[in-house]
Amino acid sequence: MNKVILMGRLTRDPEVRVSQGERQTTIGRFSIAVDRRFKREGQPDADFFNCTAFGRQAEFIEKYLHKGTKVVVVGSIQNDNYTNKDGVQQYSTQIMVDEIEFAESKNASSESNYGGGYNNAAPASNTQPGGFMNIPDGIVEELPFT
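Counting restarts for each chain: residues are numbered from 1 in the order of the written sequence. A pLDDT threshold of at least 70 governs which residues receive local features in this predicted model, and a stricter bar of 80 or more applies before side-chain atom pairs are shown or counted, although totals over entire chains, interfaces and linings include all residues. For the side-chain quantities, the full set of heavy atoms in the structure was used; hydrogens and water were omitted.

Overview of the environment of Arg12
So, point 1. When you line up the elements, Arg12 lands in the loop between strand E1 (4-10) and strand E2 (15-18).
So, point 2. Arg12 sits in the partly exposed class, given a relative accessible area of 34%.
So, point 3. Separated by 19 residues in the primary sequence, Arg12 and Ser31 place their C-alpha atoms 7.0 Å from one another.
So, point 4. By definition, residues are in contact when any of their heavy atoms lie within 4.5 Å. Other than its neighbours up to four places away in sequence, Arg12 contacts Ser31, His66 and Lys67. In this description a helix means any DSSP run of H or I spanning at least four residues, a strand means any run of E spanning at least two, and both kinds are numbered starting from the N terminus. Residue burial is assigned from relative accessible area. The probe radius is 1.4 Å, only protein chains are included, and a residue is buried under 20% of its type maximum, exposed over 50%, and partly exposed in between.

Re the environment of Phe102
So, point 1. Tracing the chain through its elements places Phe102 in strand E8 (residues 93-102).
So, point 2. Phe102 gets classed as partly exposed once you look at its relative accessible area, which sits at 37%.
So, point 3. The spatial distance from the C-alpha of Phe102 to the C-alpha of Lys70 is 6.2 Å, given a sequence separation of 32 residues.

Comments concerning the pattern of salt bridges
So, point 1. Here, a salt bridge means any side-chain nitrogen of Lys or Arg that lies within 4 Å of a carboxyl oxygen of Asp or Glu. If you walk through the whole model with that rule in mind, you get 3 salt bridges.
So, point 2. Arg9 is paired through a salt bridge with Glu104; the nearest N and O atoms lie 2.9 Å apart. Of this pair, Arg9 sits in strand E1 while Glu104 sits in the loop between E8 and helix H2 (106-111), placing them 95 residues apart in sequence.
So, point 3. You can call Arg9 buried: its relative accessible area is 13%.

Describing the pairing of E1
For a regular strand, side chains alternate in direction, first toward one face of the sheet and then toward the other.
So, point 1. A large share of E1 lies buried, amounting to 5 of its 7 residues.
So, point 2. Relative to strand E5 (residues 70-79), E1 runs antiparallel, the two being bridged by 6 bridges. If you follow Met7 over to E5, its bridge partner there is Val72.
So, point 3. Summarising the sheet, E1 and strand E3 (residues 26-35) pair through 2 bridges and their orientation is antiparallel. Note that in E3 the partner of Arg9 across the bridge is Ala33. For two strands to be treated as a pair, DSSP must find no fewer than two bridges joining them.

What to know about the side chain of Ser19
So, point 1. Counting through the fold element by element, Ser19 comes out in the loop between E2 and E3.
So, point 2. Contacts of Ser19, omitting those with residues within four sequence positions, involve Gln24, Thr25 and Ile27.

What to know about the packing of aromatic side chains
So, point 1. Aromatic pairs are defined between Phe, Tyr and Trp rings, using the six-membered ring for Trp, whenever the two ring centres lie within 6.5 Å; interplanar angles under 30 degrees are classed as stacked, those over 60 as edge-to-face, and all others as tilted. Across all of its chains, the model carries 2 aromatic pairs by this definition.
So, point 2. Their ring planes at 40° and their centres at 5.2 Å tell us that Phe60 and Tyr64 sit as a pair that is tilted. Linking Phe60 with Tyr64, this pair stays in helix H1 (residues 55-64), spanning 4 residues, or about one helical turn.
So, point 3. Phe60 gets classed as buried once you look at its relative accessible area, which sits at 8%.
So, point 4. The class for Tyr64 is partly exposed, based on a relative accessible area of 26%.
So, point 5. Members of the aromatic cluster, connected to one another through ring pairs, are Phe60, Tyr64 and Phe102.

Structure below.
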């Protein structure tokens, strides 16, 4: 079984492109920083993972994620080993994304020190008690998680 679940923050804005050819596919690439559970002096506090998503997941990433966004990623680990032009073997791994979700609310993201791009403005006038927003009619088709 090859399954990984990670929670971390995007280290930069995602790169999204559409493949060329007969069957065009949206491809999204991003990296996340995952805090280490146990921190030792002189060791890094976080690990960095490159992630790749395809199709609707990549479209979701392009539309809603940016540097500093805290997410939960579910996927599999893939080796990307190759020999470079100098004949030296290069080793790397990446996470192939199957699922991705927000790991915190918009308000929590704006209060963090990561400069996530959300502002601390007052809630929109179309919010209900409890902080939930009214969803306008006809927008359900555009939501990535329906």
